[in-house]
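A structural walkthrough
So the chains spell out like this:
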Amino acid sequence: MPAYAIAHLQEAAAHPEIAEYIERIPATFEPYGGRFLVHATQHEVKEGGWPGHVVVIGFPGIAEARAWWDSPAYQEIAPLRSRHIQGDIILVEGVPEGYDPTATAKAMREALPAE
């Protein structure tokens, strides 16, 4: 099942370390099958607020996403970003091909108290 690293990063002033991070990060994905799915693109807010930027990196599975995050190669460059950009980053497992959300709805309904 695919997995994703999703970042919601706040606006930041340009800095040489951020440029270096962006230059170096693709090489950290390669051993884990990762690739940018969303990066340096505009987003359209439909509800709520979402200031800043969105980054989505796809991986073949959650094990690969975790291994990438914990890898010495990524941990070496992570401070280049974190010293200059605040944000929230999560790793999340995707849903399988053909996922049917009605099973989730059914389980929710069954868990509701009887009326």
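Being a predicted model, the structure only gives us computed values, none of them experimental.

We now examine the pattern of salt bridges. Per the stated rule, a full pass over the model turns up five salt bridges. Its salt-bridge partner being Glu17, residue Arg83 comes within 3.0 Å of it at the nearest N-O pair. You can see Arg83 sitting in the loop between helix H3 (72-82) and strand E4 (87-93) and its partner Glu17 sitting in helix H1 (residues 16-29), a full 66 residues away along the chain. A relative accessible area of 52% places Arg83 in the exposed class. The shortest N-O distance in the salt bridge between Lys106 and Glu110 comes to 3.8 Å. Taken together, the positions of Lys106 and Glu110, both in helix H4 (residues 102-111) and four residues apart, correspond to about one turn of that helix. Both residues of the pair, Lys106 and Glu110, count as exposed. When salt bridges with common partners are traced through the structure, they connect Glu20, Arg24 and Glu76 into a single cluster.

Rules and cut-offs
- Residue positions are given per chain, counting from 1 as you read along its sequence in written order.
- This being a predicted model, a pLDDT of at least 70 is required before a residue's local features are given, and a value of 80 or more before pairs of side-chain atoms are given or counted; all residues contribute to the totals for chains, interfaces and linings.
- In computing side-chain values, all of the structure's heavy atoms are included and hydrogens and water are not.
- A side-chain nitrogen of Lys or Arg and a carboxyl oxygen of Asp or Glu constitute a salt bridge if their distance falls within 4 Å.
- Numbered from the N terminus, helices here are DSSP runs of H or I no shorter than four residues, and strands are runs of E no shorter than two.
- A simple rule labels every residue: compare its accessible area, found with a 1.4 Å probe on the protein chains alone, to the largest value its type can have, and call it buried under 20%, exposed over 50%, or partly exposed in between.

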